[in-house]
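# Coordinates in review
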Amino acid sequence: MIQMLRGVSVPTVVNVVAFGRCFQFTRAVFWGLIFCVASSLSVVTALGQQQAQQPQQKEHEQQQHAELPAGPGKDTLIRACSRCHSPSNVIANGRNREGWEELITKMVGLGAVGTDEDFTEILDYLVKNFPQQSNVKINVNKATAKELETGLVLSTKESEGIVTYREKNGDFKSLDDLKKVPGLDAQKIDLKKNRLTF
Ligand code: HEC
């Protein structure tokens, strides 16, 4: 009886073990598949979210560089000139067309990437918005709104804001005083600080 049982049970036990292994294997494959599906789904979702965020990011970028005047070429400048430093460093010194051409050529030499059209757009934008300025310093306590506007390439609103604030609160004594003017971009003022006197 025992012998018989053994005779039957040994292969049965092997079968059961084999079945168990097979089942485990199947289970592993099953979970593997679930994992694959789940992770590819999450990649798809992440991609979808990224795409949805792109316009937002672009808007955000534009807001970040509010110190750069709006106009054709601004987007291209931000795109091509933000990789190594802030694109706002173009504010520090105005140049004539030749000077800007030279600078762009230098940046291309350093590794700036763009098409010829991109660089022409950037050049036109820079020539228009950051022309060569004299090195004459501007006295922020004496200059008229118009002088502030053209001399420092500020918006009309900003330069009028400076004059209004000055009339109400008295002379500016320092750069920090000047930065208190509502609506004036502190970063823009910092970049021009060498051209200001008090
Ligand atoms: C691959 C990196 C890189 C990119 C992209 C780049 N720059 Fe520069 N830029 C530099 C480096 C490095 C310096 C400092 C070099 C120096 O002062 O000699 C610099 C300095 C400057 C300066 C101040 C120094 C000067 O010579 O007057 C300005 C302005 C400037 N870049 C504008 C731009 C503009 C405009 C673009 C887009 C067309 C641009 N950069 C793209 C690397 C880059």
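These figures come from a predicted structure and were not determined experimentally.

### What about the site of the ligand?
Around the ligand sit 14 residues, and of these Cys81, Cys84, Met107, Gly111 and Ala112 come closest. For the shell around the ligand, the secondary-structure elements that each account for two or more residues are helix H2 (74-81) and helix H3 (97-110). A total of 4 residues in the shell around the ligand trace back to one element, the largest contributor, which is H3.

### Considerations on the confidence of the model for the protein chain
Of all residues in the protein chain, 67% have pLDDT values of 70 or greater, and the mean over the chain is 80. This model gives residues 1-5 a pLDDT under 50, and the stretch forms 0 contacts once residues within four places in sequence are excluded. Low pLDDT, under 50, characterises residues 10-14; the predicted model gives this stretch 0 contacts beyond four residues in sequence or across chains.

### Some points on the nonpolar core
With 11 residues, the main nonpolar core is built from Leu77, Ala80, Cys81, Val90, Ile91, Trp100, Ile104, Phe119, Ile122, Tyr125 and Leu126. Elements with a minimum of two residues in this core: H2, H3 and helix H4 (116-129). Considering every element that reaches this core, the biggest residue donor is H4, with 4 residues. In this structure, Tyr125 is in contact with Gly71, Pro72, Gly73, Lys74 and Leu77, ignoring residues within four places of it in sequence. Ala143, Leu148, Leu152 and Leu154 belong to the second-largest nonpolar core, a separate cluster that totals 10 residues.

### So, unusual backbone geometry
Of note in the backbone geometry, Val153 takes a positive phi value of approximately 50° without being a glycine. Mapped onto the fold, Val153 is located in the loop between helix H5 (145-152) and helix H6 (156-169).

### Side note on the packing of H3 against H4
Direction vectors running N to C along H3 and H4 enclose 140°, while the axes themselves pass 10 Å from each other. Comparing the axis directions of H3 and H4 gives the class oblique. The chirality of how H3 crosses H4 is right-handed. Residues Arg97, Trp100, Glu101 and Ile104 of H3 form the contact with H4, whose participating residues are Phe119, Ile122, Leu123, Leu126 and Val127.

### Let's talk about H6
Helical periodicity: at 3.6 residues per turn, an α-helix aligns residues three or four positions apart in one direction. Relative to the 20 Å expected for 14 residues at 1.5 Å per residue, H6 spans 20 Å between its end C-alpha atoms, a close match to the ideal helical length. In this structure, the buried residues of H6 make contact with H5. Of the residues trailing H6, Gly170 is marked for its positive phi of about 85°.

Rules of the game
- Residues numbered from 1 in each chain as written.
- Predicted model: local features only at pLDDT ≥ 70, side-chain atom pairs only at ≥ 80, totals over all residues.
- Near = placed C-beta within 6 Å.
- Helix = DSSP H or I, 4+ residues; strand = E, 2+ residues; numbered from the N terminus.
- pLDDT = per-residue confidence, 0-100.
- Contact = placed C-beta atoms within 7 Å.
- Core = buried A, V, L, I, M, F, W, Y, C linked by C-beta atoms within 7 Å.
- Buried ≥ 20, exposed ≤ 12 C-beta atoms within 10 Å, placed from the backbone.
- Axes fitted to C-alpha atoms, helices over the stretch in contact; angles between N-to-C directions.
- Parallel < 35°, antiparallel > 145°, perpendicular 65-115°, else oblique.
- Left-handed = near helix turned anticlockwise from the far one by under 90°.
- Expected span 1.5 Å × (residues − 1).

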